[in-house]
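# Report on the structure
Read off the chains here:
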Amino acid sequence: MPAERSPIRYARSGDLSIAYQVFGRGPLNIVIVPGFISNLEMVADTFPFGPLVETLASIGTCVLFDKRGTGLSDRDGSFGSIEERSDDIRAVLDAVGFEHASIVGYSEGGPLSVVFAASHPERVDALALYGTFTRLRLNNAHYDYDALISGVQELWGTGRALEPFIQGIPENEQVIEGMARYERASASPGRVADILRGAREIDVRTFLPAVKARSVVFHSSRDPLVPVGLGRSMAEGIPEARFVEQEADYHFPWDGRRLWWMQQAVDFLTEGSSPVPVTDRFLSTVLFTDIVRSTETAADQGDQRWTELLARHDRLAAETVDRFGGRLVKTTGDGLLALFDSPSRAVAGAHAL
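A brief structural summary. Values in this document were obtained by computation on a predicted structure and should not be read as measured data. (Residues numbered from 1 in each chain as written. Predicted model: local features only at pLDDT ≥ 70, side-chain atom pairs only at ≥ 80, totals over all residues. Heavy atoms only, no water.)

## Some words on the overall build of the protein
Counting its regular elements, the protein contains 11 helices and 13 strands. Against the compact-globule benchmark of 20 Å for 353 residues, the protein has a radius of gyration of 22 Å, which places it among compact chains. For the protein, the spread of C-alpha atoms along the principal axes amounts to about 80 × 45 × 40 Å. Every one of the 353 residues in the protein was classed for burial, and the buried ones make up 54%. Total accessible area on the protein is roughly 15700 Å²; 50% of this is exposed by carbon and sulfur atoms. Separation of charge centres in the protein, based on 35 positive and 48 negative side chains, amounts to 1 Å. (Helix = DSSP H or I, 4+ residues; strand = E, 2+ residues; numbered from the N terminus. Rg over C-alpha atoms; globule rule 2.2 N^0.38 Å. Buried < 20%, exposed > 50% of the residue type's maximum accessible area, 1.4 Å probe, protein only. Areas by Shrake-Rupley, 256 points an atom, 1.4 Å probe, with all protein chains shown as cover. Lys, Arg positive; Asp, Glu negative; His and termini not counted. Charge placed at Lys NZ, Arg CZ, Asp CG, Glu CD.)

Structure, rendered in structure tokens:
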């Protein structure tokens, strides 16, 4: 019996709208971070991915979302830094009302899951990853990545573009047309090429030691897209993470019921209790500002005008920090100290201020 599903809704992540949908009503909070493209209108009913969603929804309240630039989420503007993209997970958690959840990320969704887990350890119960990587550039010797991008872009919308990612797609006219619709609904050819080029620049190695959640990394031994060594490197960098490898020759199989790691992921997520890790360590970007020559300016302005100027400064500063997702720690009399969960947000906030 298919899992109960909510209507598709939108979370706000900065100025963008991120589409999400809730499946099931189980006791665990689970967020699925998809691969490089998806479309909520179709993904749960598309055979490769449907069994995974149904399996996870059988044990928890499961949230799936379209990453920025794909599917039903906003596609305009820059695709964003990996910190900004991982912050979409936070936006979805907030919109659903989850204070914390287990994160399941596969393929290109893995690095985003790692960045979120490292940046928000108090919100991640457990981390389960599959077919993923810390730094895809290490994969250059495996095959011609530029040729992969060109081939995917050229075939996009024909139903053949996802064959390097999904193995065993049947030679069936109805299936191919369904995959063609899924491709077109998920992104444009140009956006897909941008996403794949951006994936090559991902490097989350420095985030790995900050992951505090229980973690497991699954990988197929003969993954034709992401070599197993990249998954092994991911597990080696995360403190106390398990690495589980199994003989399989696919990145993602067309018959999603063949996903060997699904039941193992269920066992991992449900084993014992998963308390939110207690830690006083977290990743953050510090923004410190100072008004140049404030002493001279105060003398020139006089006490009353200088007090009014500072009050306006502090008000605008607090509004700006909040608008860019930061937290104002304190004002310093002629400046401020604020924390942001990504360098790009801190730089954008500083520029606006």
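Moving on from the coordinates now.
## A short note on the environment of Tyr 250
Within the secondary structure layout, Tyr 250 lies in the loop between strand 9 (242–246) and strand 10 (252–253). Sequence-wise, Tyr 250 and Ser 220 are 30 residues apart; in three dimensions their C-alpha atoms are separated by 6.8 Å. Setting aside residues no more than four positions away along its own chain, Tyr 250 makes contact with Tyr 130, Gln 167, Ser 220, Arg 222, Asp 223, Pro 224, Arg 258, Leu 259 and Trp 260. A polar atom in the side chain of Tyr 250 sits 2.7 Å from the backbone oxygen of Arg 258. (Contact = heavy atoms within 4.5 Å. Polar contact = N/O pair within 3.5 Å; in protein donor to acceptor, adjacent residues only side chain to side chain.)

## A few points about the packing of helix 1 (residues 50–57) against helix 8 (residues 262–270)
Running from N to C, helix 1 and helix 8 point in directions that differ by 25°, and their axes come no closer than 10 Å. With respect to helix 8, the element helix 1 is oriented roughly parallel. Seen from above, helix 1 lies across helix 8 with right-handed handedness. Here helix 1 contributes Pro 51, Leu 52, Thr 55 and Leu 56 to the contact with helix 8, which in turn contributes Met 262, Val 266 and Leu 269. (Axes fitted to C-alpha atoms, helices over the stretch in contact; angles between N-to-C directions. Parallel < 35°, antiparallel > 145°, perpendicular 65-115°, else oblique. Left-handed = near helix turned anticlockwise from the far one by under 90°.)

## So, the layout of surface pockets
Estimated volume of the largest pocket: approximately 250 Å³. Along the walls of the largest pocket sit 11 residues, with Gly 14, Asp 15, Glu 84, Phe 324 and Arg 345 positioned nearest its centre. The leading source of residues in the lining of the largest pocket is helix 11 (residues 343–352), at three residues. Of the residues assigned to the lining of the largest pocket, the class counts are three nonpolar, three polar and five charged. (1 Å grid on protein atoms, 1.4 Å probe; cavity = no way out; pocket = protein on both sides within 12 Å on 5 of 7 lines; lining within 4 Å. Points joined across faces, edges and corners; volume = space filled by probe spheres on them. Nonpolar A, V, L, I, M, F, W, Y, C, P; charged D, E, K, R; others polar.)

## What to know about empty space enclosed by the protein
For the coordinates displayed, the defined rule picks out two cavities of 30 Å³ or more. Within this model, the largest cavity holds a volume of roughly 240 Å³. As for the largest cavity, its lining consists of 21 residues, and the residues nearest its centre are Phe 36, Ser 107, Phe 165, Leu 225 and His 251. Put simply, the parts of the chain that give the lining of the largest cavity at least two residues each are helix 4 (145–155) and helix 6 (189–200). The residue makeup of the lining of the largest cavity, split by class, is 17 nonpolar, three polar and one charged.

## Quick notes on the packing of aromatic side chains
Applying the stated criterion to the full structure yields 12 aromatic pairs. Look at Tyr 130 and Phe 252: their rings are 6.5 Å apart centre to centre, the planes differ by 75°, and that puts the pair in the edge-to-face class. One end of the pair, Tyr 130, is in strand 6 (residues 124–130); the other, Phe 252, is in strand 10, and 122 residues separate them in sequence. With a centroid separation of 4.8 Å and an interplanar angle of 15°, the aromatic rings of Tyr 130 and Trp 261 are classed as stacked. Note that Tyr 130 is positioned in strand 6 and Trp 261 in the loop between strand 10 and helix 8, a separation of 131 residues in sequence. Both residues of the pair, Tyr 130 and Trp 261, count as buried. Taken together through their ring pairs, the aromatic side chains of Phe 49, Tyr 106, Tyr 130, Tyr 182, Phe 218, Phe 252, Trp 260 and Trp 261 make up a single cluster. When the ring centre of Phe 268 is taken as reference, the NZ or CZ atom of Arg 214 above it lies at 4.4 Å. (Phe/Tyr/Trp six-rings, centres within 6.5 Å; stacked < 30°, edge-to-face > 60°. Lys NZ or Arg CZ within 6 Å of the ring centre and 35° of its normal.)

## Some words on helix 5 (residues 173–186)
End to end, helix 5 covers 20 Å across 14 residues, agreeing with the expected 20 Å (1.5 Å per residue, within 8%). Within the span of helix 5, buried status applies to Val 175, Ile 176, Gly 178, Met 179, Ala 180, Tyr 182, Glu 183 and Ser 186. N-capping of helix 5 is provided by Asn 172, with a side-chain oxygen placed 2.8 Å from the backbone N of Gln 174. (Expected span 1.5 Å × (residues − 1).)

## Brief notes about the side chain of Ser 221
Within the secondary structure layout, Ser 221 lies in the loop between strand 8 (214–220) and helix 7 (228–237). A relative accessible area of 18% places Ser 221 in the buried class. In contact with Ser 221, not counting residues within four places along its chain, are Val 228, Glu 245, Gln 246, Glu 247 and Ala 248.

## Quick word on the nonpolar core
In terms of nonpolar packing, the biggest core is built from 100 residues, with Val 31, Phe 36, Ile 37, Val 114, Leu 162, Ile 166 and Trp 261 touching the most fellow members. Sequence-distant contacts of Ile 37, defined by excluding residues within four places in its chain, comprise Thr 70, Trp 156, Leu 162, Tyr 182, Ser 186, Ala 187, Val 192 and Ile 195. Ranked by size, the runner-up nonpolar core spans eight residues in total, among them Leu 287, Ala 317, Leu 336 and Ala 338. (Core = buried A, V, L, I, M, F, W, Y, C linked by side-chain atoms within 4.5 Å.)

## A few points about the pattern of salt bridges
Pairing is possible between side chains that carry opposite charge, provided their charged atoms lie close to one another. As enumerated under the stated definition, the model contains 22 salt bridges in all. Among the ionic pairs, Asp 203 bridges to Arg 205, the shortest N-O distance being 2.7 Å. Through salt bridges with shared partners, a single network forms among Asp 87, Arg 90, Asp 94 and Arg 123. (Salt bridge = Lys/Arg side-chain N within 4 Å of Asp/Glu carboxyl O.)

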